[in-house]
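# Fold and contact review
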Amino acid sequence: MKRWITLGISALIFSAAPTFSQIGMQHRIAYSADGNIHDHDDWGATAFSLGMAWAFGRNHMIVHFDYSNHFSGGSTAEGEKQMTESALGGAERFLADKSKFFDDMKNLNGAIANFKKEAEKSTEDNQLISIQAGPMEVAYRCLQAVDESKRKYITFISHSNWNNDHVHGAGLSKKWSDLKKLPGGAKFISISDQNANMGARTKGQWDELKNMGDKFAWMLSRQNAKPGDVSDAGMMWYALTGAQNGSPAEFIKKLKNPNPQAGPTAIGDLPSNATVNRSRFLNHVHAGNSLMLNLPFSGRFNGVTIADMTGRRHTFANASQRLDWIEVPNFELANGPYIVTVDGTDGVSHTVGKLTVKK
């Protein structure tokens, strides 16, 4: 079992956290929300869910996000506008990949195609969570599109009986129970109703966000339609921690102490012959076949491993107290994404993030 870690600014701190869900720490994340008609709390919950993923360093694992999924029965222009602001504004502020975000009112087919693509990448060791923050019609169509042999690697999460059974409008006919009937062995988790811990009664408990920086003040402002209510974000909290009883105080504490891999550090002095690529998750430069990394932490480690999407791996094994840029020599770079892991002094490898090389 892999251990959860905090990559501190001045040191690597390795600590076990048995309450953290292996679902959230291991799996890629999909999310589906409405907010374009009834559920204006989704305007806030969408922003808060993206903030949570960032705080836990899981923003790069959001591979699908569709919104305004109540595509029948009276969608409002204002609701669609507000959901776009929360989804794309949150993606920008919390460093998620906008190309994975879909407005179901405008591009439902694109959303279904992306979910299918991501779901069919899944294996036993590379599974997908799908958080359901709206009616189940879109989720049904998405799962129906997935190759049946891959469905067993998908876990759906819901917390709301209202969402589970909501079929308002001629185009919405599928419920949570219908989703569960699709063959292929998808898994389903119904957690407790999150209105108890992140619903409207928490109004005022989030006010500290006003003074924590622009992106957090923006996040708080997204609650305006239903102050205090971000209940659907409780599912993201569950996916990340395994806990069904998250609170404003816990979430704010995590925002103040995020996992550093959630965002890049500043690029310092670069080699004169280097090509610069400002990655969302790691800063790096490359010159020839030498890669230089500015990892989003400093601390002692035993080595760095870089793997491309085919599984080809290159390990730079050299115990080091990283203080600035480190060089990974003799690595034949190609354009495309790479996953970077740090081999800790405890003998456990920890994923730092993803970088994309563009020569």
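Description of the structure in this document. Worth saying up front: this structure is predicted, and the values here are computed from it rather than measured.

### Observations concerning the side chain of Gln 127
Among the structural elements, Gln 127 can be located in the loop between α4 (104-119) and β6 (128-133). Residue classification places Gln 127 among the buried positions, given a relative accessible area of 7%. At 3.0 Å, the side chain of Gln 127 and the backbone oxygen of Glu 124 are in polar contact. Setting aside residues up to four positions removed in sequence, Gln 127 forms contacts with His 27, Arg 28, Ser 122, Lys 152, Tyr 153 and Lys 187.

### Concerning the packing of helix α2 (residues 41-55) against helix α11 (residues 248-256)
At their nearest, the axes of α2 and α11 sit 9 Å apart, and the two run at 50 degrees to each other. On the basis of their axis angle, the class for α2 and α11 is oblique. Between α2 and α11 lies a crossing whose hand is left-handed. Contact residues: α2 offers Phe 48, Gly 51, Met 52, Trp 54 and Ala 55, while α11 offers Phe 251, Lys 254 and Leu 255. A breakdown of the residues in the contact of α2 with α11 according to their chemical character gives 6 nonpolar, 1 polar and 1 charged.

### Side note on the pattern of salt bridges
Counted by the stated rule, this structure contains 8 salt bridges. Put simply, Lys 121 and Glu 118 hold a salt bridge, and the shortest N to O gap is 3.1 Å. Judged by its relative accessible area of 44%, Lys 121 is partly exposed. With its nearest N and O atoms 3.0 Å apart, the salt bridge here joins Glu 137 to Arg 141. Taken as a pair, Glu 137 and Arg 141 lie in helix α5 (residues 137-145) at a separation of 4 residues, close to a single helical turn. Residue Glu 137 is classed as buried on the basis of its relative accessible area, which comes to 5%. Each of Arg 28, Lys 100, Glu 118 and Lys 121 takes part in salt bridges that share partners, so that together they form one network.

### Points about the environment of Gly 228
Within the secondary structure layout, Gly 228 lies in the loop between α9 (214-221) and α10 (233-241). It is 7.2 Å that separates the C-alpha atoms of Gly 228 and Met 198, two residues lying 30 residues apart in sequence.

### Here's the deal with the packing of aromatic side chains
The final tally for this structure, using the stated rule, is 13 aromatic pairs. Centroid distance Phe 48 to Trp 206: 4.9 Å. Interplanar angle 80 degrees. Geometry classified as edge-to-face. On the criterion of sequence distance, the pair formed by Phe 48 in helix α2 and Trp 206 in the loop between α8 (195-198) and α9 is long-range, its members being 158 residues apart. For Phe 48, a relative accessible area of 0% translates into the label buried. Overall, the relative accessible area of 0% leaves Trp 206 in the buried class. Here a set of aromatic residues connected by ring pairs shows up, and it is made of Phe 48, Phe 56, Trp 206, Trp 237 and Phe 251. In this structure, Lys 254 packs its charged tip against the face of Phe 56, placed 4.8 Å from the ring centre.

### Looking at unusual backbone geometry
Positive phi, normally seen in glycine, also occurs at Ser 68, with a value near 55 degrees. Exposure remark for Ser 68: the relative accessible area of 0% places this residue in the buried category. The phi angle at Leu 95 is positive, at roughly 60 degrees, despite the residue not being glycine. Along the chain, the position of Leu 95 falls in the loop between α3 (77-93) and β5 (101-103).

### Considerations on the nonpolar core
Of all hydrophobic cores here, the largest spans 45 residues; its most connected members are Trp 206, Leu 209 and Met 219. Of all elements in the fold, only β3 (28-33), α2, β4 (62-67), α3, β6, α9, α10 and α11 reach the threshold of two or more residues within this core. Element by element, the count of residues in this core is highest for α2, at 9 residues. In contact with Met 219, not counting residues within four places along its chain, are Ala 47, Phe 48, Gly 51, Phe 94, Leu 209, Phe 251 and Leu 255. Counting residues in each nonpolar core, the second largest holds 20 residues, with Ala 30, Met 136, Val 146 and Phe 156 among its members.

### Topic: empty space enclosed by the protein
Here the structure, examined in full by the defined rule, presents 1 cavity of 30 Å³ or more. Roughly 40 Å³ of internal volume is contained in the largest cavity. The set of elements that each furnish at least two residues to the lining of the largest cavity consists of β3, β4, β6 and α5. No other element matches the 3 residues that β3 contributes to the lining of the largest cavity. Grouping the constituent residues of the lining of the largest cavity by class yields 5 nonpolar, 4 polar and 1 charged.

About the criteria used
- Residues numbered from 1 in each chain as written.
- Predicted model: local features only at pLDDT ≥ 70, side-chain atom pairs only at ≥ 80, totals over all residues.
- Heavy atoms only, no water.
- Helix = DSSP H or I, 4+ residues; strand = E, 2+ residues; numbered from the N terminus.
- Buried < 20%, exposed > 50% of the residue type's maximum accessible area, 1.4 Å probe, protein only.
- Polar contact = N/O pair within 3.5 Å; in protein donor to acceptor, adjacent residues only side chain to side chain.
- Contact = heavy atoms within 4.5 Å.
- Axes fitted to C-alpha atoms, helices over the stretch in contact; angles between N-to-C directions.
- Parallel < 35°, antiparallel > 145°, perpendicular 65-115°, else oblique.
- Left-handed = near helix turned anticlockwise from the far one by under 90°.
- Nonpolar A, V, L, I, M, F, W, Y, C, P; charged D, E, K, R; others polar.
- Salt bridge = Lys/Arg side-chain N within 4 Å of Asp/Glu carboxyl O.
- Phe/Tyr/Trp six-rings, centres within 6.5 Å; stacked < 30°, edge-to-face > 60°.
- Lys NZ or Arg CZ within 6 Å of the ring centre and 35° of its normal.
- Core = buried A, V, L, I, M, F, W, Y, C linked by side-chain atoms within 4.5 Å.
- 1 Å grid on protein atoms, 1.4 Å probe; cavity = no way out; pocket = protein on both sides within 12 Å on 5 of 7 lines; lining within 4 Å.
- Points joined across faces, edges and corners; volume = space filled by probe spheres on them.

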